[in-house]
Amino acid sequence: MNIIWALLMILGSSAAHHPQNDNHHVGSIIQSSINSAIIASQSKDVAVSADNPPAKVDPQVNAPKVKGVYVTAYSAGGSRMAQLLDLLDKTELNAMVIDIKDDAGYITYKTDNPDLIKKGKPQPFIHDINALMERLKEHQVYPIARVVVFKDTVLAKKRPDLSFVNKDGTVWKNGKGDSFVNPFSKEVWDYNVEIAKEAAKLGFKEIQFDYVRFPEGFEKRADSLKYIKNGKSRVDAVAEFVQYARKQLAPLGVRVSVDIFGYAASVPAAEGIGQDFNKISENVDVISPMVYPSHYTQGWFGAKDPDKEPYKTIKGSMTDTFKKLTPLEDQKPIVRPWIQDFTASWLGSGHYIKYGKAQVDEQIRALKDMKIDEYLLWNATNRYSPGVDY
């Protein structure tokens, strides 16, 4: 810890010579420098272990309270971006979660990185990534890069040895035709971390990992598929990927967040897909449970049809989230949930309502009542309800 004391002395001396600096600014500089020193020590060659997470240190102490929207690469690189920027300019929204590696596994912009080109399939959905970053900066948008990790049809096709293979030698697909890559594979880890590092160098302030899990229902086919194993449990494999990624990315000054099923806070660890809410949470800066009311079945949180009772559903999910995270103490992450700004008509007549301003307001009111001041809005088409009180 000697380096920390040295930093304190240097910064304290600097503050004394610059009395115009207010205490908050100086304190922020000191805290940032201390955190950087601790992060540097944590990023050394210390073995990754799901049972031994490093002490929680924020690599970005000056980050704002994030209120953001999801933005596809098509929107980010197309005409809809002007509308989205206008929305942020005129409201309290201040962040965008932008697809940098999407649900199919495509890297969404042109890259010259040979390893990313070898394993991935870059597409010019965002035709000029540097121009986009400059545009976000001009509008004071906090940029978050969404990286879909283990759901990756592109890499699975290129490298079946990094995926799950059927007995007949074909790559396994789910019912929607999507393939996954293997969370046990260090090569898969490094590929996704390399994408995240490039995003950080481009100017993204946070990396949000999605699909940090095995395929749904994997426990039913785990013994019939061929894939590399490393002796770890599925839960530990997923948690250790997140820990590894954070150790690699924190020195770059970016936060790491993870999307997770909302109900994961309300049930025991989902060992089949390898998601343990707490083991993931203690290894990230931000946890983003997807608490869309439409994703809860009848009866959850006392709601006959959760989609029709957004306030009750969100409040119940956040109550369970805080109960789940209480044992983590100092290892607790920022809770920044995904909320619903879409209509779930697939639930069938009588089980859903049309979502708009009133329903989004109710979700935000529930978060406020639970003392949560960060959130993200999801709409797959990026059409967000007008007039919402953010």
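The rules behind each value
Residues numbered from 1 in each chain as written. Predicted model: local features only at pLDDT ≥ 70, side-chain atom pairs only at ≥ 80, totals over all residues. Heavy atoms only, no water. Helix = DSSP H or I, 4+ residues; strand = E, 2+ residues; numbered from the N terminus. Polar contact = N/O pair within 3.5 Å; in protein donor to acceptor, adjacent residues only side chain to side chain. Contact = heavy atoms within 4.5 Å. Buried < 20%, exposed > 50% of the residue type's maximum accessible area, 1.4 Å probe, protein only. Pairing = 2+ DSSP bridges. Axes fitted to C-alpha atoms, helices over the stretch in contact; angles between N-to-C directions. Left-handed = near helix turned anticlockwise from the far one by under 90°. Nonpolar A, V, L, I, M, F, W, Y, C, P; charged D, E, K, R; others polar. Patch = residues over 30% accessible without salt bridge, like charges linked within 9 Å, V, L, I, M, F, W, Y side chains within 5 Å. Areas by Shrake-Rupley, 256 points an atom, 1.4 Å probe, with all protein chains shown as cover. Salt bridge = Lys/Arg side-chain N within 4 Å of Asp/Glu carboxyl O. Lys, Arg positive; Asp, Glu negative; His and termini not counted. Charge placed at Lys NZ, Arg CZ, Asp CG, Glu CD. Phe/Tyr/Trp six-rings, centres within 6.5 Å; stacked < 30°, edge-to-face > 60°.

Looking at an unreviewed UniProt entry, the protein carries the name Glycoside hydrolase, with the source organism given as Paenibacillus chibensis.

Draft legend 1. View of the side chain of Asn182. Relative to the elements of secondary structure, Asn182 occurs in the loop between α7 (153–158) and α8 (186–202). A distance of 2.7 Å separates a polar side-chain atom of Asn182 from the backbone oxygen of Ile228. In this structure, Asn182 is in contact with Phe150, Leu162, Ser163, Phe164, Val188, Phe214, Tyr227 and Ile228, ignoring residues within four places of it in sequence.

Draft legend 2. Layout of the pairing of strand β2 (residues 95–101). The element β2 is largely enclosed, with a buried count of 7 among its 7 residues. Looking at chain direction, strand β1 (residues 67–71) and β2 are connected through 4 bridges and run parallel. Residue pairing across strands places Tyr70 opposite Val97, the latter belonging to β2. The pairing of β2 with strand β3 (residues 142–148) spans 6 bridges and is parallel. Opposite Asp99, over in β3, you have Arg146 as the bridge partner.

Draft legend 3. View of the packing of α8 against helix α9 (residues 234–249). Look at α8 against α9: their axes get within 10 Å of each other, and the N-to-C directions meet at 40°. In the crossing of α8 with α9, the sense of the turn from one axis to the other is right-handed. Counted together, Lys186, Trp189, Asp190, Asn192, Val193, Ala196 and Lys197 of α8 and Ala237, Glu240, Phe241, Tyr244, Ala245, Gln248 and Leu249 of α9 form the full contact between these two elements. Class assignment of the residues belonging to the contact of α8 with α9 gives a composition of 8 nonpolar, 2 polar and 4 charged.

Draft legend 4. Representation of a positive patch on the surface within the structure. Positive charge collects at one region of the surface, where Lys121, Lys157, Lys158 and Lys173 lie side by side. Tracing the backbone shows Lys158 in helix α7. Given the relative accessible area of 40%, Lys158 is considered partly exposed.

Draft legend 5. Layout of the side chain of Asn283. Structurally, Asn283 can be placed in the loop between α10 (277–281) and β6 (286–290). For Asn283, a relative accessible area of 2% gives the class buried.

Draft legend 6. Geometry of the packing of aromatic side chains. Scanning the model with the defined rule gives 24 aromatic pairs in all. Ring geometry for Tyr70 against Trp378: centres 3.9 Å apart, planes inclined by 10°, an arrangement best described as stacked. With a gap of 308 residues between them, Tyr70 in strand β1 and Trp378 in strand β9 (residues 375–378) connect regions that are remote in the sequence. Judged by relative accessible area, which is 4%, Tyr70 ranks as buried. On the basis of relative accessible area, Trp378 is assigned to the buried category, the value being 18%. Arranged with centres 4.7 Å apart and planes meeting at 40°, the rings of Tyr74 and Phe125 form a pair that is tilted. Taken together, the positions of Tyr74 in helix α3 (residues 73–76) and Phe125 in the loop between α5 (114–119) and α6 (129–138) put the pair 51 residues apart, joining distant regions of the chain.

Draft legend 7. Fine view of the pattern of salt bridges. Enumeration over the complete set of coordinates arrives at 27 salt bridges. Here Asp103 makes a salt bridge to Arg146, at a shortest N to O gap of 2.9 Å. Placement of Asp103 in the loop between β2 and α5 and of Arg146 in strand β3 is noted, with a sequence separation of 43 residues between them. Here Arg365 makes a salt bridge to Asp369, at a shortest N to O gap of 3.9 Å. Taken together, the residues span about one helical turn, with Arg365 and Asp369 both in helix α12 (residues 357–369) at a distance of 4 residues. Taking the relative accessible area as the measure of exposure, Arg365 reaches 39% and is therefore partly exposed. In this structure Asp369 comes out as partly exposed when scored by relative accessible area, which is 39%. Residues participating in the shared-partner salt-bridge network are Asp99, Asp103, Arg146, Lys151, Asp178 and Asp210.

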